[in-house]
Amino acid sequence: MPEWLQAGGWGLLAGSALLLGAVTGWYVRVPQWVNASIMAFGAGVLLSAAAFELIGKAHERGGTFPTAIGAAGGAVAYTLANVALARHGARHRKRSGRQPTEKDRPGSGSAIAVGAVLDGVPESVVIGASLLTGNTVSLVTVAAVFLSNVPEGLSSAAGMRRAGRSRRFVFLLWTGIALLGGVAALAGRVLLGGASPALLAAITALAAGAILAMVTDTMVPEAFENAHLLVGLITVAGFLAAYALSIA
């Protein structure tokens, strides 16, 4: 099977976890503290993946300077885009109980959809790019993205339901994001095929910076608000689970 097709398949698999979480969040009345606990675990998984699978490998490929520039650039780009989206009602897009209704903030549904794309694309690009360092995808990265996508989809869909958004909107959104994850992973493999080690390192670190900014801005607040007494332990559990995968 061509590598570009493998990349798309792995990206689609990781993105499908968003739809799985969304279906659960829509049909199952999960208590908010459970949502928060799952979100904390997912945050720990992504923090570990960003540190060991992305930043660490970026440094091995390109050295300190491209890695630092890439990570800083990713964080800045994500933050600027997130500020713009927050002004249109997407500030709490991953929150299970604080999303605005369309009546309260007209256009917030579209902003939330764009925000979901912003959150998911960097992870998928890295999945595709991981094929460039060998003939197989980084299963640790795929597993980390999959494990973190389930609570993201669950909490966000629960919040959308409480905000009065339609089932059609929710499922079309997350289905579209899952498909886009496959396309982004495919693009990461195809477009970066001729990239130099330094450029590949910078792009990998850029994705890591965006992921780190996303975790602290959208996932940790949801986790802390509803499970603050245990959020540290649960986050570390997620971190160690992903770390165990990376060294296995």
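Residues numbered from 1 in each chain as written. Predicted model: local features only at pLDDT ≥ 70, side-chain atom pairs only at ≥ 80, totals over all residues. Heavy atoms only, no water.

The protein chain goes by ZIP family zinc transporter in an unreviewed UniProt entry, where it is assigned to Micromonospora globbae. UniProt, in the comment section headed Sequence similarities (unreviewed entry), describes the protein chain in these words: "Belongs to the ZIP transporter (TC 2.A.5) family." Word for word, the UniProt comment on the protein chain under Subcellular location (unreviewed entry) is "Cell membrane". (UniProt positions renumbered as here; feature names shortened; annotations may be inferred.)

With that settled, the discussion passes to the packing of aromatic side chains. Summed over all chains, the structure comprises 4 aromatic pairs. Here Tyr27 and Phe171 contribute two aromatic rings whose centre-to-centre distance is 5.9 Å and whose plane-to-plane angle is 35°, an arrangement assigned as tilted. Of this pair, Tyr27 sits in helix H1 (residues 3-27) while Phe171 sits in helix H6 (residues 167-191), and the two are 144 residues apart along the sequence. Residue Tyr27 is classed as partly exposed on the basis of its relative accessible area of 48%. Phe171 gets classed as buried once you look at its relative accessible area, which sits at 18%. Put simply, the rings of Trp26, Tyr27 and Phe171 pair up and form one aromatic cluster. (Phe/Tyr/Trp six-rings, centres within 6.5 Å; stacked < 30°, edge-to-face > 60°. Helix = DSSP H or I, 4+ residues; strand = E, 2+ residues; numbered from the N terminus. Buried < 20%, exposed > 50% of the residue type's maximum accessible area, 1.4 Å probe, protein only.)

This next bit is on helix H3 (residues 64-86). Taking 1.5 Å of rise per residue, the 23 residues of H3 would be expected to cover 33 Å, and the 32 Å separating its terminal C-alpha atoms lies within 8% of that figure. Listed in full, the buried residues belonging to H3 are Pro66, Thr67, Gly70, Ala71, Gly74, Tyr78, Asn82 and Leu85. (Expected span 1.5 Å × (residues − 1).)

A few words now on the nonpolar core. Ranked by internal contacts, the top residues of the largest apolar core, which has 15 residues, are Leu46, Leu54, Tyr78, Ile211, Met214, Val215 and Met219. Where this core is concerned, the elements lending two or more residues are helix H2 (32-62) and helix H7 (197-227). Among the elements that line this core, the one with the most residues is H7, at 8 residues. For Leu54, the contacting residues outside a window of four places in its chain are Ala49, Val126, Thr204, Ala208 and Ile211. (Core = buried A, V, L, I, M, F, W, Y, C linked by side-chain atoms within 4.5 Å. Contact = heavy atoms within 4.5 Å.)

In this section: the packing of H1 against H6. Relative to each other, H1 and H6 sit at 160°, their axes nearing to 7 Å. Relative to H6, the element H1 lies roughly antiparallel. Handedness of the H1/H6 crossing: right-handed. Looking at the contact of H1 with H6 residue by residue, the class counts come to 18 nonpolar, 7 polar and 3 charged. (Axes fitted to C-alpha atoms, helices over the stretch in contact; angles between N-to-C directions. Parallel < 35°, antiparallel > 145°, perpendicular 65-115°, else oblique. Left-handed = near helix turned anticlockwise from the far one by under 90°. Nonpolar A, V, L, I, M, F, W, Y, C, P; charged D, E, K, R; others polar.)

Summed over the entire model, instances satisfying the criterion amount to 1 salt bridge. Between Glu53 and Lys57 there is a salt bridge whose closest N-O contact spans 2.9 Å. In this pair, Glu53 and Lys57 both sit in helix H2, 4 residues apart, roughly one turn of the helix. Exposure remark for Lys57: the relative accessible area of 29% places this residue in the partly exposed category. (Salt bridge = Lys/Arg side-chain N within 4 Å of Asp/Glu carboxyl O.)

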